[in-house]
Amino acid sequence: MIFSSALIENAVSEFARLPGVGKKTALRLVLHLLKQDTAQVEMFAEAIAKMRRQIKFCKTCHNVSDEDTCTICANASRNHKVVCVVESIRDVIAIENTQQFNGVYHVLGGSFPRSTVSARISCKSTRSWSGCSNWAWKR
Ligand SMILES: [Zn+2]
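Keep in mind that this is a model prediction, so the values were computed, not measured.

Thresholds, definitions, all that
- Residues numbered from 1 in each chain as written.
- Predicted model: local features only at pLDDT ≥ 70, side-chain atom pairs only at ≥ 80, totals over all residues.
- Helix = DSSP H or I, 4+ residues; strand = E, 2+ residues; numbered from the N terminus.
- Expected span 1.5 Å × (residues − 1).
- Buried ≥ 20, exposed ≤ 12 C-beta atoms within 10 Å, placed from the backbone.
- Pairing = 2+ DSSP bridges.
- Right-handed = clockwise from strand over helix to strand, strands pointing away.
- Axes fitted to C-alpha atoms, helices over the stretch in contact; angles between N-to-C directions.
- Parallel < 35°, antiparallel > 145°, perpendicular 65-115°, else oblique.
- Left-handed = near helix turned anticlockwise from the far one by under 90°.
- Contact = placed C-beta atoms within 7 Å.
- Nonpolar A, V, L, I, M, F, W, Y, C, P; charged D, E, K, R; others polar.

1. Describing helix H3 (residues 38-54)
In a regular helix each residue adds 1.5 Å, so 17 residues correspond to 24 Å; H3 covers 24 Å between its end C-alpha atoms and thus fits that length. Among the 17 residues in H3, zero count as buried, and that is only a small part of the element.

Structural data, given as structure tokens:
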């Protein structure tokens, strides 16, 4: 793509670094932002920068959090004896959206071989929420 502005070209290149965003989509997003109020675009940019600067990981479960302990771990009404081991934060979000799990999580932050987990702990598949193939066990 040939741009008449290095500023536009730079913004397109940055958007195109996002997963699933190609150059055409990046250009569409940049041109959309160009039509917005400057203040609106600055709020958008600041929200992303602030999220990245200030995000924490729960010291207990490694979920994303605004504090040292996430809201799930801090919630005394949840069953802290049932732990769902998940690969990523996306799994926590998906399970939480079902509103079917009242335990807590342990976010591994990477893929893991299921055989390793089942060898170390006594697992059971909860399968109480649709599409979840993760494991839970009692402490
Ligand atoms: Zn937590």
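Once you've had a look at it, read on.
2. A word on the pairing of strand S4 (residues 104-107)
If a strand is regular, its side chains alternate between the two faces of the sheet. Two strands pair when backbone bridges link them, and strand S3 (residues 82-86) and S4 are joined in this way by four bridges, in the parallel orientation. From the neighbouring strand, valine 85 faces S4, where its bridge partner is histidine 106. Chirality of the crossover, the property in question, places the unit of S3, helix H4 (residues 89-98) and S4 among those that are right-handed.

3. Considerations on the packing of helix H1 (residues 6-16) against helix H2 (residues 23-35)
Any two packed helices are characterised by the angle at which their axes cross and by the distance between the axes. Relative orientation of the contacting elements H1 and H2 amounts to 120°, with a least axis distance of 8 Å. Here H2 runs oblique to H1, going by the angle between their axes. Between H1 and H2 lies a crossing of right-handed hand. Here Ile8, Ala11, Val12, Phe15 and Ala16 of H1 lie close against H2, whose contacting residues are Lys23, Ala26, Leu27, Leu29 and Val30. Tallied by class, the residues present in the contact of H1 with H2 amount to nine nonpolar, no polar and one charged.

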